[in-house]
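Architecture and fold: a report
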Number of protein chains: 2
Amino acid sequence: MPTIKDVARAANCSTATVSRALANPEKVSDATRQRVAQAVAEVGYSLNAAARNLRRSESRTIVVILPDIANPFFSEVISGLESVAHQAGYQVLLGDAGHNPERVKSYFNLVPSNQADGIILLTTEVPKALVKERQADSGFPLVVACEYFDNLSLPTIHIDNEQAANRATEYLVSLGHRAIATLSGPGGNPICKDRLAGYRRGLADAGIETRPEWILEGDFSFHSGYEQGRILLQGGSQRPTAIFCQNDEMAIGVLKAARDLEIRVPEQLSVVGFDDIGFSQYCEPELTTVHQPRQAIGRTAMKLLLDILKDRNVPFDQTLKTQLIVRGSTGRAPGA
Amino acid sequence: MPTIKDVARAANCSTATVSRALANPEKVSDATRQRVAQAVAEVGYSLNAAARNLRRSESRTIVVILPDIANPFFSEVISGLESVAHQAGYQVLLGDAGHNPERVKSYFNLVPSNQADGIILLTTEVPKALVKERQADSGFPLVVACEYFDNLSLPTIHIDNEQAANRATEYLVSLGHRAIATLSGPGGNPICKDRLAGYRRGLADAGIETRPEWILEGDFSFHSGYEQGRILLQGGSQRPTAIFCQNDEMAIGVLKAARDLEIRVPEQLSVVGFDDIGFSQYCEPELTTVHQPRQAIGRTAMKLLLDILKDRNVPFDQTLKTQLIVRGSTGRAPGA
DNA sequence: CTGAAAGCGCTTACAG
DNA sequence: CTGAAAGCGCTTACAG
């Protein structure tokens, strides 16, 4: 591989000048700049990033840690993250945590090892100690998005999960439903607790008592939605007329369970999801769901991290707006 | 950040010894190894990867270029790629091409700039010149998977697209269908041409003439499946009784078009997809489709690339097996 | 088994 | 506007 020395020789100048011509063209005369450009082409030079990173002690790389690359929720968040990063001259390294704490640890280690300048965390399924030592005052460039940690001080981009879940529940109430079940995500997750709280408040405000057997927990997968949906729909004396699911995949699993049990949606059962993934418009019936501004979440999170890296004074956390999208999976309660 | 010097001081030895203790523990005495380990913990050392990369001129990073991160087909391929890479001590940098040739160029540039050791290409939507100069004999470590380039000599992992499409078509014929349409992916893509060829051969072998108006092209999205599905299903004098789609998302779009037009699947229309994405079991009805061994494709591709990097003698390209999965979206032809 | 020393390819403060 | 030189933090061939 040709190095900066080869370019300098070909351009008949020093390596310092080549470096300047490439990184700060305005610090160099027109003639020199042109000679260098030509020499670069001539010898087929490309800058050795390892050397630059070592010298500058920065990598212009941001690591984004995902819980699971297969989750369709994240694709648009990533697209938002990447657009801002690339514009600012940063690359994005996507790290799939794959429910593996060791892997997460090794992604975090990319920062002290000078392979990444900062981290965006899209999951809270990480060793707690790892994050505790890296709160805002530690100087570790870390931004959390989509989810958040209880009782930790970390810059975070999120939505108002309690409010969004509450609106969804209120909407079901407004359709005359009173037998409203819910399917939560993993119970330890703060956003799941918030969504559950929003559901509870929605029922309480309508004077409806919650039933423990109508509050089930899944793991955000199609499959768990299907399994828990079957339990809700064929168990016990009374059947719910509506189910609020904490994400779209589980809601789509519930739709399938209803189909298997020959329960018609929305005539006999209303189903609401959360996220508005692309697929929610292609299931049968189309899914009523809470739309999250996923692009914007990604863009805002990356902006925040880049601002932190530049030591700019930035808003510590930001809450973005959601919107309930009404489609075919919800209707008036039977007999209402 | 503490450096190797700080560790050497704390362990009362040279930096060379520290380096050895960390990278080749067997080259160092037990006592020294322990002193170094303790010193590392004491000063909170972590190796500067930029310095190591510069010195070794390798990055232990593989870049995987995806056409579009939102495409659910790739998640499992990636998981296969990552598992092999991590085991071998490599990281994976996922690059979203986003239909942007400039971005692809910059990903390729990571290799000469010493930020990546090799590239795995999961799309052929890249500037042709970029690949032409990097064929097998160029020494550029590049492996293509899932897709391939016509007339270029590049190590490739793929399936037999012609055969898989042919089997799917034969299956429809065996159900008594003779009015079989197809929905292709982007026509310039070699794998799409192969699948189309398999379809044509299936019809020819059954003595059925192809009809140009029954060979439509989409872009692999839900939406294009829906649009083209409507055209196939409401156009002209005769309606096809079966549609073979070149991926699952388009097939799911076709299912929706059929629903809108009140055409019952599979009673009045059979639909076959390709890929077997997770969603194909949760649409209504469940999709008959060609299963691709996505994990295995990923694993095999990464193994091949790592072998190439180690200069091992390796099979140049490998074809993995597919399987037709019969589900609820196909049935006997009406009146057959 | 260990150390002194060279060198990977850049960038940048300093001097002119 | 340009160059000489130091130095970023490692690894490794060489010598002992």
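Source: prediction; values computed, not measured.

Before going further, it helps to spend a moment on the overall build of chain A. Broken down by element type, chain A carries twelve helices and twelve strands. Along the first, second and third principal axes, the C-alpha atoms of chain A reach 90 × 40 × 30 Å. As presented, chain A carries roughly 14300 Å² of accessible surface, and 47% of it is formed by carbon and sulfur atoms. If you average the places of the 35 positive and of the 38 negative side-chain charges in chain A, the two averages end up 6 Å apart.

Our next topic: the protein's contact with DNA strand C. The environment of DNA strand C is made up of 26 residues, and the closest members are Ser19(A), Arg55(A), Thr17(B), Arg20(B) and Thr32(B). The sugar-phosphate backbone supplies 63% of the atoms of DNA strand C found within 4 Å of the protein. For DNA strand C, a base nitrogen lies 3.2 Å from a polar atom in the side chain of Arg20(A). Contact distances for DNA strand C include 2.4 Å between a phosphate oxygen and a side-chain N or O atom of Thr32(B). Taken together, the elements giving at least two residues each to the surface near DNA strand C come down to helix H2 (15-23) and helix H4 (49-56) of chain A together with helix H2 (15-23) and helix H4 (49-56) of chain B. Broken down by element, the surface near DNA strand C gets its largest block of residues, five residues, from H4(A). Grouping the constituent residues of the surface near DNA strand C by class yields ten nonpolar, eight polar and eight charged.

All names here are of chain A. Assigned domains within chain A: domain 1 (4-47), domain 2 (59-159 + 294-321) and domain 3 (161-292). Each of domain 2 and domain 3 has a C-alpha centre, and these two points are 29 Å apart. Between domain 2 and domain 3, the contact holds eleven residues from the first and 14 residues from the second. Of the roughly 1100 Å² buried between domain 2 and domain 3 on both sides combined, carbon and sulfur atoms contribute 51%. Sorting the residues of domain 2 by area buried against domain 3 places Tyr148, Ile159 and Arg294 first, and these three jointly supply 48% of that buried surface. Applying the counting criterion to the domain 2 and domain 3 interface returns one salt bridge. Along the contact surface separating domain 2 from domain 3 lie four residue pairs in polar contact (both at pLDDT 80 or more).

Residues and elements named next belong to chain B. For the pair helix H8 (residues 161-174) and helix H9 (residues 190-205), the least separation of the axes is 7 Å and the interaxial angle reads 35°. Relative to H9, the crossing made by H8 is right-handed. Along its contact with H8, which presents Asn161, Glu162, Gln163, Ala165, Asn166, Thr169 and Val173, the element H9 presents Ile191, Asp194, Arg195, Ala197, Gly198, Tyr199, Arg201, Gly202 and Leu203. Its residues assigned to classes, the contact of H8 with H9 shows six nonpolar, six polar and four charged.

On to the interface of chain B and chain A, then. Each side of the interface is counted separately: chain B has 43 residues, and chain A has 42 residues. In total, chain B and chain A occlude about 3600 Å² of area from one another, counting both sides; carbon and sulfur atoms represent 58% of this. Viewed at the interface, chain A and chain B are joined by six salt bridges. Across the pair Glu284(A) and Arg259(B) runs a salt bridge, and its minimum N-O distance is 2.8 Å. Listed by contribution, the elements that provide at least two residues to the side of chain B that touches chain A are H4, helix H5 (74-87), strand E2 (91-96), helix H6 (101-108), helix H10 (222-234) and helix H11 (248-260) of chain B. Counted by class, the side of chain B that touches chain A contains 21 nonpolar, 15 polar and seven charged residues.

It is worth spelling out the packing of H2(B) against helix H3 (residues 30-43) of chain B at this point. Between two packed helices, what matters for the description is the angle formed by their axes and the separation of those axes. Residues and elements named next belong to chain B. Viewed as axis vectors pointing N to C, H2 and H3 meet at an angle of 95°, and their least axial separation amounts to 10 Å. Here H2 lies roughly perpendicular to H3, going by the angle between them. Contacts between H2 and H3 involve Thr17, Val18, Ala21 and Leu22 on the former and, on the latter, Thr32, Val36 and Val40. In the contact of H2 with H3, the residues fall into five nonpolar, two polar and no charged.

The subject of this paragraph is the sheet that holds strand E9 (residues 270-275) of chain B. Residues and elements named next belong to chain B. One open sheet accounts for six strands, arranged E7-E6-E8-E9-E10-E12; its pairing is mixed. The sheet is open, and its two borders are formed by strand E7 (215-217) and strand E12 (323-325), each paired with just one other strand. In this sheet, adjacent strand axes meet at a mean angle of 20° when their direction is disregarded. As judged from the three bridges shared by strand E10 (residues 288-291) and E12, these two strands associate in the antiparallel manner. The partner of Val290 across the bridge, within E12, is Leu324. Across the face of the sheet, H11 comes into contact with strand E6 (180-184), strand E8 (242-245), E9 and E10 while running at roughly 155° to E9.

Residue and element names in this part refer to chain A. In space, the six strands of this open sheet follow the order E7-E6-E8-E9-E10-E12, with mixed pairing throughout. The two strands at the open ends of the sheet, each matched to only one other strand, are strand E7 (215-217) and strand E12 (323-325). Neighbour-to-neighbour, the strand axes of this sheet turn through a mean angle of 20°, independent of strand direction. Seen against the sheet, helix H11 (residues 248-260) touches strand E6 (180-184), strand E8 (242-245), strand E9 (270-275) and strand E10 (288-291) and runs at an angle of roughly 155° to E9.

What counts and what doesn't
- All chains use their own residue numbering, which begins from 1 and follows the written sequence.
- Written order determines the labels here, with chains lettered from A and ligands numbered from 1.
- The predicted origin of the model limits local features to residues at a pLDDT of at least 70 and limits the giving and counting of side-chain atom pairs to 80 or more, whereas totals for whole chains, interfaces and linings rest on all residues.
- Computation of side-chain values covers all heavy atoms of the structure but excludes hydrogens and water.
- Helical segments are the DSSP runs of H or I of at least four residues, strand segments are the runs of E of at least two, and each set is numbered from the N terminus.
- Working definition of accessibility: Shrake-Rupley area with a 1.4 Å probe, residue cover restricted to the visible protein chains.
- Just so you know, the count uses Lys and Arg for positive and Asp and Glu for negative, and it drops His and the chain ends.
- The location of each charge is read from NZ of Lys, CZ of Arg, CG of Asp or CD of Glu.
- Whether a residue is near a molecule or strand depends on its heavy atoms: it is near if one of them lies within 4 Å of it.
- Polar contact is defined as a pair of N or O atoms within 3.5 Å, subject to the rule that within protein one atom must be able to donate a hydrogen and the other to accept it, and that residues adjacent in sequence are counted only when both atoms are side-chain atoms.
- Residues were grouped as follows: Ala, Val, Leu, Ile, Met, Phe, Trp, Tyr, Cys and Pro as nonpolar; Asp, Glu, Lys and Arg as charged; and all remaining residues, including Gly, as polar.
- Domain start and stop positions are those given by an automatic or database domain assignment.
- Pairs of residues are marked as contacts when any of their non-hydrogen atoms sit within 4.5 Å.
- The buried area of a pairing is the accessible area, by a 1.4 Å probe, that goes missing from both parts when the two are put together, added over both.
- We define a salt bridge as a contact between a side-chain nitrogen of Lys or Arg and a carboxyl oxygen of Asp or Glu at a distance within 4 Å.
- Lines fitted to C-alpha atoms define the axes here, with helix axes fitted over just the stretch in contact, and angles between the N-to-C directions of these axes take values from 0 to 180 degrees.
- Two helices crossing with the near one rotated counterclockwise from the far one by less than a right angle form a left-handed crossing, whereas a clockwise rotation gives a right-handed crossing.
- To sort the angles, those under 35 degrees are grouped as roughly parallel, those over 145 as roughly antiparallel, those from 65 to 115 as roughly perpendicular, and the leftovers as oblique.
- Any two strands between which DSSP finds at least two bridges are classified as paired.

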